[in-house]
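Survey of secondary and tertiary structure
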Amino acid sequence: MSNPAAALGQEIGKLFEASIVERLRPEVEARGYTINPQRMVNGTDNIYQIDAVISNPAGQPVMILDPKYIRYKKHNRDKGSWLCVAHYNLRKTYPTIRKTTAVLAGNWSKTSLALIESFGIEVIVQDFSTMVDVLEGYGVEFDWAEKDRLTPTRSLQAFNSLSENGKANLANALTNAIMPRLITSVVDILEDTGESVQSRISEVEVLMKTNRRETLLLRFGSVADTVSGLVVFMDERSDVSSLLEGKSG
């Protein structure tokens, strides 16, 4: 095999993703929802393959979960940017989506995590060091230098020698640490507690677009502040830039 490191990483990533979906399935289906991978199309006909979409009985998506594994931080920008763009575009296209979550495994930098969270995406992280410890318990060494070829070759052989039952146990072991938080996150969305949406609002963002292709982002601390803050834009003046001072940030 030309690249055993990549091959092993792909297998571990698949186990991680599959374990999350299958362990969430009983919780989701018990509440009348479904969870499956799905190809989703946004308003500009871009297609996004999402690993786990939770849908209501009418088939409308209510939550997106994107498990992603990366080994090297040099891939943070590509994977992180994809998450930001995909989730933002899909939320605009599907108004029934109430939450999007990135379930990240491997080496993610604090900068990348902060960027993803800034797009309103919940982030749940499985540390690389935890994965290394878990895999070591199954005889698979998973921490090697980037240019090391011998260790990943041995590790891939050790992984391939595991029985199907052993791989299933390994998959669950890789997700054990994050499942309690992930289940809570999902159940909070799917269960109707009787609490009104209004009482849960912590911040309001308003994105305004002008005929000059400008985008103006305003942030407000409450719905009431939003209403009073937007009243000024009913003014007929062509230049409202001065009205933005003190309204954003």
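Residues numbered from 1 in each chain as written. Predicted model: local features only at pLDDT ≥ 70, side-chain atom pairs only at ≥ 80, totals over all residues. Heavy atoms only, no water.

Comments concerning the sheet that holds strand 5 (residues 122–127)
How we decide: We call two strands paired when DSSP finds no fewer than two bridges between them. A run of H or I in DSSP counts as a helix once it spans at least four residues, and a run of E counts as a strand once it spans at least two, with each numbered from the N terminus. Fitted lines through C-alpha atoms serve as axes, helices being fitted only where they are in contact, and the angles separating the N-to-C directions of these axes extend from 0 to 180 degrees. Should any heavy atoms of two residues lie within 4.5 Å, those residues are counted as being in contact.
Pairing is mixed across the open sheet formed by five strands, whose spatial order is 1-2-3-4-5. Both edges of this open sheet fall to strand 1 (34–41) and strand 5, since each of them pairs with a single strand only. Direction aside, neighbouring strands of the sheet carry axes that sit 30 degrees apart on average. As defined by bridge partners, strand 2 (residues 47–55) adjoins strand 3 (residues 61–70) across four bridges and the pair is classed as antiparallel. Note on strand 3: the bridge partner recorded for Ala52 is Leu65. Strands in contact with helix 2 (residues 76–93) are strand 1, strand 2, strand 3 and strand 4 (99–106); relative to strand 3, the strand with the most contacts, it is inclined by about 175 degrees. Helix-sheet contacts for helix 4 (residues 128–136) involve strand 3, strand 4 and strand 5, and the interaxial angle to strand 5 is about 40 degrees.

Examining the environment of Val206
How we decide: Relative accessibility decides the category of a residue: with a 1.4 Å probe and only protein chains considered, values under 20% of the type maximum give buried, values over 50% give exposed, and everything between is partly exposed.
With respect to the secondary-structure elements, Val206 resides in strand 6 (residues 204–209). Overall, the relative accessible area of 17% leaves Val206 in the buried class. Separated by 197 residues in the primary sequence, Val206 and Gly9 have C-alpha atoms spaced 41 Å apart. What Val206 contacts, discounting residues up to four positions off in sequence, is Leu216, Leu217, Leu218, Phe220, Thr226 and Leu230.

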